[in-house]
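Residue-level listing of the chains:
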Amino acid sequence: MNQSLENINLKNANIYFLGIGGIGMSGLARYFLQQGCKVYGYDLTRTALTDYLSDLGAEIHYDENISKIPQNIDFVVYTPAIPKEHKEYRYFLEHDFLMCKRSVVLGFVSAKLPTIAIAGTHGKTTTTAMTATVMDEAHQQLAFIGGVAKNFNANVVIEADAELMVVEADEFDRSFLTLYPKVAVITSMDADHLDIYGKKEQLELSFQQFANQVKNCVVVNEKIADDINHQNKKTYGLQEDCDYYATDIALHPNSADFILNYEDGKIHVHLSVSGNYNVLNAVAAFASCREFCETMSLPFDARQMAARLSLFNGVKRRFDYRIERPDFVYIDDYAHHPEELRSFLSAVRNIYPGKKICGIFQPHLYTRTRDFAPQFAEVLSMLDEVILLNIYPARELPIPGIDSQFLLDQINCKKKILIPDNQVVDYLNTHRPEVLLTMGAGNIDRLVPQIEKNFRIN
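Everything numeric here is computed off the predicted structure, so don't read it as measured data.

Draft legend 1. Spatial organisation of the layout of surface pockets. A volume near 170 Å³ is recorded for the second largest pocket. Every residue lining the second largest pocket is listed: Pro80, Ala81, Ile82, Pro83, Lys84, Glu85, Arg395, Glu396 and Leu397. In the lining of the second largest pocket, the residues fall into five nonpolar, no polar and four charged.

Right, dumping it as structure tokens:
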């Protein structure tokens, strides 16, 4: 398939994106638009991302309509989230179009530039955005981020004459195995996507295979350092035996300070985001940039890197403050795995000790809810009040007996309720919390502006 892409003039191609609104798909679509390609696409839902692509010249429709597919398509990019029975997917398959998974196309683009890849079951989006922020001033880059980075107000950075690429390496569907970076980070390796991998051991084997494809250096979180092998492995964390580690951490609302230690010295770092896990993400970003500069014989300036980290403004839906005032705090986060929730809630507890914390959580996928129900129940029990929404199915069909009530029954919290999303705002008006959190990876983001507007008015 890569060989077929080699034969296409990507400066003048007609490309169709099946699922164009996804965070990874929309980034690639924008890249090809800026390369001068003609971009067409389908998605189920119109969003700000698809509207932006339309403004750039993409032709997008939102119904399964074969008659809207142009006949001069050079190749089709699709996401595994598209059901195999989808009418347009079947049409392309039956008419022998060149069909490429998003990950294959991303690997094709990455092969043209020396690359820093950030992998991990969680932490990778923020670390990717931090890495792109650090490299932005010193070098022309191409960056693909799995979220909207506030510094760029985009999920992709496309600079003329890019000399390097920063990319989020997604383990879902083994997508990251299309990448062969110079330097990589592995932030975490918790069990996830068991609908794909079956067992955690298979997930770990996939991460090791990814590490095997890294040409120069793998930067690994200290917690999983013994589980990843590479001829040039560097570690990061909070312990002094790491190659890169943080000490003297001070967490504040909306910021953090720490000392970043590395083999050549130490430097103070101020972050405009909070949480111990963001400190670790910053250490990983610093390490990846430093190792990349060494690999490529580029100048390295620790002070400049620390200064760039201080300018990092966060990623939308990652510890995303929506309202912060003395009587009320509202934070939105993408956390949808038990360990992500644990890190997020622990950080909130540390910043707001003694405050009553209410969390609204939308479970994502029936299989993930089934596979990790005890872990979800344990971590959600950290809250003073739990508001549970119905499971967001994404690509899955229902599983008998697996629903949000199944999860709610296991949560050990005196105040807990399961309600439809269209009742959330009214419920909050009669049960006003001190600290409110929204969490999840489904369509809970549609509630965020409604909640924010409600609490700014009332």
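Draft legend 2. How the structure looks around the pairing of strand 19 (residues 385-388). Of the two faces of strand 19, the one lined by Glu385 and Ile387 and the one lined by Val386 and Leu388 are each fully buried. As paired elements, strand 18 (residues 357-362) and strand 19 share four bridges and run parallel to each other. Residue Gly359 lies in a different strand from strand 19, and its bridge partner there is Val386. Of the strand pairs in this sheet, strand 19 and strand 20 (residues 415-418) are connected by four bridges, and their pairing is parallel.

Draft legend 3. Seen up close, the pairing of strand 6 (residues 115-119). Summarising burial for strand 6: five of the five residues are buried, a large majority. Judged by which residues are buried, strand 6 turns out to be covered on both faces: Thr115, Ala117 and Ala119 on one side and Ile116 and Ile118 on the other are all buried. The pairing of strand 6 with strand 9 (residues 164-169) spans five bridges and is classified as parallel. Within the sheet, the bridge partner assigned to Ile116 lies in strand 9 and is Val166. Note that strand 6 and strand 10 (residues 183-186) share four bridges and pair parallel. Directly across from Ala119, in strand 10, lies its bridge partner Ile186.

Draft legend 4. Highlighting the pattern of salt bridges. Evaluation of the coordinates by the stated rule reveals 23 salt bridges. With a closest N to O distance of 3.2 Å, Asp63 and Lys68 form a salt bridge. Assessed through its relative accessible area of 32%, Asp63 is described here as partly exposed. For Arg290, the salt bridge goes to Glu263, with nearest N and O atoms at 3.3 Å. Of the two residues, Arg290 is situated in helix 9 (residues 276-295) and Glu263 in the loop between strand 14 (255-262) and strand 15 (265-271); the sequence distance between them amounts to 27 residues. For Glu263, a relative accessible area of 55% puts it in the exposed group. Each of Lys150, Asp320, Arg322, Glu452 and Arg456 takes part in one network of salt bridges that share partners.

Reading the values: the criteria
- Residues numbered from 1 in each chain as written.
- Predicted model: local features only at pLDDT ≥ 70, side-chain atom pairs only at ≥ 80, totals over all residues.
- Heavy atoms only, no water.
- 1 Å grid on protein atoms, 1.4 Å probe; cavity = no way out; pocket = protein on both sides within 12 Å on 5 of 7 lines; lining within 4 Å.
- Points joined across faces, edges and corners; volume = space filled by probe spheres on them.
- Nonpolar A, V, L, I, M, F, W, Y, C, P; charged D, E, K, R; others polar.
- Buried < 20%, exposed > 50% of the residue type's maximum accessible area, 1.4 Å probe, protein only.
- Helix = DSSP H or I, 4+ residues; strand = E, 2+ residues; numbered from the N terminus.
- Pairing = 2+ DSSP bridges.
- Salt bridge = Lys/Arg side-chain N within 4 Å of Asp/Glu carboxyl O.

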